[in-house]
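Survey of secondary and tertiary structure
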Amino acid sequence: MPPEFLETLIAGAEALVQVQDAPELPWALAEAVHDPAYLQRWRSGDVTRAEERAMGFAWDASIARRGLLSCGATLAATRDALQGGWGLNLGGGTHHAYREHAEGFSFLNDVVIAASWARREGLAARVAVLDLDVHQGNGTASMLAGQAWALPVSLHGASNYPFVKEEAGVNVPLPDGTGDDAYLAALEDEAFPAVRAFGPDLLFVLAGADVLAGDQLGRLALTPEGVRERDRRAYALAGELRVPCVTVMAGGYHRDPQRTVEVRLSTVREWVAAAGAAAPFGGRGAPPGSVP
Ligand SMILES: [Zn+2]
């Protein structure tokens, strides 16, 4: 997102929640789930052109720090959720990062890092990831494959990147041009029952704005009202299950970046409404959001 639109997003969010600077993630938490040699190569710039192409941009010296800040904000949001029921990162959602390779603008898998941290600390025993970005959370699915404590659920465009989908977890592919009604039906009929059946005690929501009609990297056709209803229903599910809920923003690439900003702020508004209406877990009230 161009810097001026990022500033608009932060200013808009500050009118709704208390926005905090992101803390840096300790490297050890990334090393707990990613291959340490992979991390070291991306820290030092020892990457090939093919790796840069898969990532989507050329290596530069700020990649490691930006990754740590984005993941640090997701970790802070996870702490908020575990303490007060609700947590929010205005960035994050780098769900294409694998254990030992980067792709799709994703170097560190923030949600897997935070979920694994919560589990190791004994703060969560069953973690569901409701990935509503338009692209399949392939890195997340790969990293959580075969782990009985975690359930990745991905609702995504069938013909979008990644063109080879991971099979782990629950996958709900949607045809090009899917609009509000069909999207919300898939959410209610396929994604939510899977989360309910799994019975998580921690829920991550990737509230991708790239499901919006006109997104340059998406092929679905939701309206802003449809995205808002998606978010409202996701938070209602968290309330129904009385499970701490962490929201990260994931992708959004509308040709008019202001449209992406508006959808992001609508997610924040629904988050505030949900957090203010009930604290499903703990009692600290609406916690501050965090921004990378
Ligand atoms: Zn995406």
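Just above, that's the structure.
Heads up: these notes are all about the structure in this document. None of the values given here were measured: they were computed from a predicted structure.

Attention now goes to the environment of Val 172. By secondary structure assignment, the location of Val 172 is in strand S5 (residues 170-174). Taking C-alpha positions, Val 172 is 11 Å from Leu 130, a pair spaced 42 residues apart along the chain. Each residue touching Val 172, except ones within four places of it in the same chain, is listed here: Ser 154, Leu 155, His 156, Ala 186 and Glu 190.

Looking now at the layout of surface pockets. Estimated volume of the largest pocket: approximately 1200 Å³. For the largest pocket, the lining is made up of 43 residues, of which Gly 92, Thr 94, Phe 105, Ala 250 and Tyr 253 are closest to its centre. Broken down by secondary-structure element, the contributors of at least two residues to the lining of the largest pocket are helix H1 (3-14), helix H4 (49-55), helix H5 (63-84) and helix H10 (257-277). Per-element tally for the lining of the largest pocket: the top contributor is H5, with five residues. Tallied by class, residues from the lining of the largest pocket come to 21 nonpolar, 17 polar and five charged.

Moving on, we get to the coordination of the zinc ion. Distances from the zinc ion to its protein donors, namely Asp 133 (OD), Asp 133 (OD), His 135 (ND1) and Asp 210 (OD), fall within the range 1.9 to 2.6 Å. Of note is the zinc ion, whose four donor atoms meet at the metal with angles of 55 to 154 degrees in an arrangement that counts as irregular. Mapping the donors of the zinc ion onto the primary sequence yields the spacing D-x1-H-x74-D. Residue Asp 133 is classed as buried on the basis of its relative accessible area of 1%.

Reading the values: rules and limits
- Residues numbered from 1 in each chain as written.
- Predicted model: local features only at pLDDT ≥ 70, side-chain atom pairs only at ≥ 80, totals over all residues.
- Heavy atoms only, no water.
- Helix = DSSP H or I, 4+ residues; strand = E, 2+ residues; numbered from the N terminus.
- Contact = heavy atoms within 4.5 Å.
- 1 Å grid on protein atoms, 1.4 Å probe; cavity = no way out; pocket = protein on both sides within 12 Å on 5 of 7 lines; lining within 4 Å.
- Points joined across faces, edges and corners; volume = space filled by probe spheres on them.
- Nonpolar A, V, L, I, M, F, W, Y, C, P; charged D, E, K, R; others polar.
- Donors = N, O, S within 2.8 Å, 3.2 Å for Na, K, Ca; no water.
- Tetrahedral: all angles 85-135°; square planar, octahedral: opposite > 155°, others 65-115°.
- Buried < 20%, exposed > 50% of the residue type's maximum accessible area, 1.4 Å probe, protein only.

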